[in-house]
Amino acid sequence: MLSDISVKTVTTLTLTKIMAVAAVRAVATTLRRSSGFLGGSRSVSTSGALQQKFNVPPSGNDLPRPGGIASMMRLPVQNDTQGLDACFVGIPLDIGTSNRSGTRFGPRQIRTESVMLRPYNNWTGAAPFDSLQVADIGDVFINMYDLKDAVKKIREAYSKIVANGCKPLTLGGDHTLTYPILQAIKTKYGPVGLVHVDAHADTSDKQLGEKISHGTPFRRAVEEGLLDCQRVLQIGLRGTGYSSDDYGWSRQQGFRVVQAEEIWYKSLAPLMEEVRAQMGDGPVYLSFDIDALDPAYAPGTGTPEIGGLTSHQGLEIIRGCRGLNLVGGDLVEVSPAYDPSGNTALTAANLLFEMLCVLPGVQYRRG
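Because the structure is a prediction, the values reported are computed rather than measured.

*Asks:* Whenever I open this one, the overall build of the protein confuses me. Can you help?
*Replies:* Within the protein, the regular secondary structure consists of 9 helices and 12 strands. Relative to its 367 residues, the protein shows a buried fraction of 52%. Taking the intrachain contacts of the protein between residues at least 6 apart in sequence as the baseline, contacts between residues at least 24 apart amount to 76%. Counting only carbon and sulfur atoms, one obtains 54% of the accessible surface of the protein, whose full area is about 16900 Å².

*Asks:* How do you make sense of empty space enclosed by the protein when you look at a structure like this?
*Replies:* A probe as big as a water molecule, rolled over the atoms, marks out the empty space that is left. Enumeration over the complete set of coordinates arrives at 1 cavity of 30 Å³ or more. Lining the largest cavity, in full, are Gln-109, Gly-300, Val-334, Ser-335, Pro-336, Asp-339, Gly-342, Thr-344 and Ala-345. Grouping the amino acids of the lining of the largest cavity by side-chain chemistry returns 3 nonpolar, 5 polar and 1 charged.

*Asks:* What should I look at first to understand the sheet that holds strand 8 (residues 227-237) in this one?
*Replies:* In any sheet, the strands associate via hydrogen bonds between backbone groups, in a parallel or an antiparallel arrangement. Strands sit in the order 5-3-6-11-10-7-8-9 across an open sheet of 8 strands; the sheet is parallel. Edge strands, defined here as strands with exactly one partner in the open sheet, are strand 5 (134-139) and strand 9 (256-259). Averaged over neighbouring strand pairs, the angle between their axes works out to 15° when direction is ignored. Contacting strand 3 (86-91), strand 5 and strand 6 (167-172), helix 3 (residues 147-162) runs over the sheet at an angle of about 170° to strand 3. Of the strands in this sheet, strand 3, strand 6, strand 7 (192-197), strand 8, strand 10 (283-289) and strand 11 (325-332) are in contact with helix 4 (residues 178-189), which crosses strand 10 at around 170°.

*Asks:* How should the environment of Leu-331 be read in this particular structure?
*Replies:* Tracing the chain through its elements places Leu-331 in strand 11. Separated by 43 residues in sequence, Leu-331 and Phe-288 place their C-alpha atoms 4.9 Å apart. With sequence-adjacent residues up to four places away left out, Leu-331 is seen in contact with Thr-170, Leu-171, Gly-172, Phe-288, Ile-290, Ala-348, Leu-351, Leu-352 and Met-355.

*Asks:* Can you help me understand the packing of aromatic side chains in this one?
*Replies:* The description of an aromatic ring pair rests on the distance of the ring centres and on the angle between the ring planes. Tallying each qualifying case throughout the model produces 2 aromatic pairs. Ring plane angle 90° and centroid distance 6.3 Å describe the contact between Trp-249 and Phe-255, whose orientation is recorded as edge-to-face. Ring centres of Trp-264 and Tyr-265 lie 6.4 Å apart, and the angle between their planes is 70°; on these two criteria the pair is classed as edge-to-face. Assessed through its relative accessible area of 37%, Trp-264 is described here as partly exposed. When the ring centre of Tyr-338 is taken as reference, the NZ or CZ atom of Arg-100 above it lies at 4.0 Å.

*Asks:* Teacher, can you tell me more about the nonpolar core here?
*Replies:* Proteins that are soluble and globular tend to have nonpolar side chains buried together. Counting residues in each nonpolar core, the largest one holds 52 residues, and the members touching the most others are Val-195 and Leu-356. By residue number, the principal contributor to this core is helix 9 (residues 343-357), which donates 9 residues. Counting residues in each nonpolar core, the second largest holds 42 residues, with Ile-91, Ala-150, Ile-212 and Tyr-285 among its members.

*Asks:* It is not clear to me how the confidence of the model for the protein should be interpreted in this structure. Could you clarify?
*Replies:* Close inspection of predicted coordinates is inappropriate in any region flagged by low pLDDT. The predicted model of the protein averages 88 in pLDDT, with 86% of residues at 70 or higher. Note on residues 45-50: pLDDT under 50 across the span, and 5 contacts to partners over four residues away in sequence or across chains.

*Asks:* Whenever I open this one, the pattern of salt bridges confuses me. Can you help?
*Replies:* Once the charged atoms of two side chains with opposite charge are near each other, the side chains can pair. Within the structure shown, the criterion is met by 14 salt bridges. Measuring nitrogen to oxygen at the nearest pair gives 2.9 Å for the salt bridge that ties Lys-152 to Glu-156. In this pair, Lys-152 and Glu-156 both sit in helix 3, 4 residues apart, roughly one turn of the helix. Exposure remark for Glu-156: the relative accessible area of 37% places this residue in the partly exposed category. Of the charged contacts, one joins Glu-274 and Arg-256 as a salt bridge, the two residues approaching to 2.9 Å between their closest N and O atoms. You can see Glu-274 sitting in helix 7 (residues 269-279) and its partner Arg-256 sitting in strand 9, a full 18 residues away along the chain. On the basis of relative accessible area, Arg-256 is assigned to the partly exposed category, the value being 30%.

*Asks:* Would you explain the pairing of strand 9 in this entry?
*Replies:* Strand residues, when the strand is regular, have side chains that alternate between the two faces of the sheet. The pairing of strand 8 with strand 9 spans 4 bridges and is classified as parallel. Bridge pairing links Ile-235 to Val-258 in strand 9. In this fold, the crossover linking strand 8 to strand 9 by way of helix 6 (residues 248-253) has right-handed handedness.

*Asks:* How do you make sense of helix 2 (residues 106-113) when you look at a structure like this?
*Replies:* Side chains that are three or four residues apart share a direction in an α-helix, a result of its 3.6 residues per turn. Every buried residue of helix 2 is listed here: Gly-106, Pro-107, Ile-110, Arg-111 and Glu-113. One face of helix 2 carries all of its buried residues, which in axial projection span an arc of 165°.

*Asks:* Explain the layout of surface pockets here, please?
*Replies:* Of the pockets and cavities examined, the largest pocket occupies roughly 650 Å³. Around the largest pocket sit 26 residues that line it, and His-200, Ser-204, Gln-207, Tyr-242 and Asp-246 are the ones nearest its centre. Volume-wise, the second largest pocket comes out at about 330 Å³. Taken together, the elements giving at least two residues each to the lining of the second largest pocket come down to helix 8 (311-319) and helix 9. The dominant element in the lining of the second largest pocket, judged by the number of residues it contributes, is helix 9, at 6 residues. Partitioning the lining of the second largest pocket into residue classes produces 8 nonpolar, 5 polar and 3 charged.

Calculation criteria
Think of each chain on its own: its residues are numbered from 1, step by step along the sequence as written. Local features in this predicted model are restricted to residues of pLDDT 70 or higher, and side-chain atom pairs are both shown and tallied only at a pLDDT of 80 or more, whereas totals for entire chains, interfaces and linings draw on every residue. As a convention, hydrogens and water are excluded, and side-chain values are obtained from all of the structure's heavy atoms. Secondary structure follows DSSP: runs of H or I at least 4 residues long count as helices, runs of E at least 2 residues long count as strands, and numbering of each begins at the N terminus. For each residue, the accessible area found with a 1.4 Å probe, counting protein chains only, is set against the maximum for its type, and the residue is called buried under 20%, exposed over 50%, and partly exposed in between. Contacts were defined at the residue level, with two residues in contact if any of their heavy atoms lie within 4.5 Å. With residues, only the protein chains shown are counted as cover, and all accessible areas are computed by Shrake-Rupley using a 1.4 Å probe. Computed over the protein atoms alone on a 1 Å grid, cavities are sets of points where a 1.4 Å probe fits but cannot get out and pockets are open sets with protein on both sides within 12 Å along at least five of seven lines; a residue lines them when it has an atom within 4 Å of a point. Grid points are joined across faces, edges and corners, and a volume is the space filled by probe spheres set on the points. In this count, Pro and Cys sit with the nonpolar residues alongside Ala, Val, Leu, Ile, Met, Phe, Trp and Tyr, while Asp, Glu, Lys and Arg are called charged and the others, Gly among them, polar. Think of it this way: DSSP has to see at least two bridges between two strands before they count as a pair. The convention used is that axes are lines fitted to C-alpha atoms, helices contributing only their stretch in contact, and that angles between N-to-C directions extend from 0 to 180 degrees. Aromatic rings from Phe, Tyr and Trp, with only the six-membered ring used for Trp, were paired whenever their centres fell within 6.5 Å, and each pair was classed as stacked if the ring planes differed by under 30 degrees, edge-to-face if by over 60, and tilted otherwise. In our convention, an over-ring charge means Lys NZ or Arg CZ found within 6 Å of a ring centre and within 35 degrees of that ring's normal. The nonpolar core is taken to be a set of buried Ala, Val, Leu, Ile, Met, Phe, Trp, Tyr and Cys residues, with the residues joined through side-chain atoms within 4.5 Å. Here pLDDT means the predictor's own confidence in every residue, given as a number from 0 to 100. By definition, a salt bridge exists where a carboxyl oxygen of Asp or Glu is found within 4 Å of a side-chain nitrogen of Lys or Arg. A clockwise path from the first strand over the helix to the second, with the strands pointing away from the viewer, defines a right-handed crossover. It is the directions from the helix axis to the C-beta atoms whose arc is reported.

Structure, rendered in structure tokens:
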């Protein structure tokens, strides 16, 4: 048997060891939080009072860019939208494509390239992470073998995402995905205005006999009353066509169509001023197909068309949406295999950040 002195000595040593382990764990947790492993946060103060802690992407000085979990901007990851004002969400879909596939890998590559993004917009002064609670909620589970079932699963997932007012920014994924998102958006907001940036109108009735594909989402959206057709802009359309008036159907519905050739060599700031007047105060959805940009800027996509927008025109369009009642947006058709440099996904990540910067409620530190 141990003597009383021995028992006390063992007890003291055990307690000391426990306290030391607890201290090490506490320090490790603090370091991980500050470096972004567990997701950093910033307390925003108004008139000296702490109001709310917002998630903040970690600095490249605190967490090396190749490190950390590859969420969008290395933000914290959570399973739902509880407590969120906005979220990034991926849809790894490419079974709706008509030419080159591979957009199922778009969300992953966009997240990887997003490590280059920083929390503040140095031109507009937007400070989204001082204003909104934002996280990455991962990817929607989809059926990779049945497009109709995939559409159903996307619609169901987004009905939950938007139910509490959270605004989704989607990493695509082929453009089929916008159709079920708009279905879910309608249940929350009713028919919405649309800013659609694309090389293609995506208003075909059928492709190879199928009603659902990445070339048909906006035809289906009109048929189901998902859009307020007098508040729809299609910008960047171009390329060869199946008829001499491929965009006639869009115009017949009341859409404003701006073909790429109309805006070559031009700033789009004046156009976006007109668009803000067109959209008014009603809810608006923003859908940006990366192939709207010229392949010189974004070659990593499945249906490239020459003569497209420049990257700075893409920025002008999104920044021109400031002041709109945006209820969500998507960046689609990134197909990483066709751009080994990663620049297409890097551009997509930047455009998604710009979308976040123009959501309602974002504070601007200047401008």
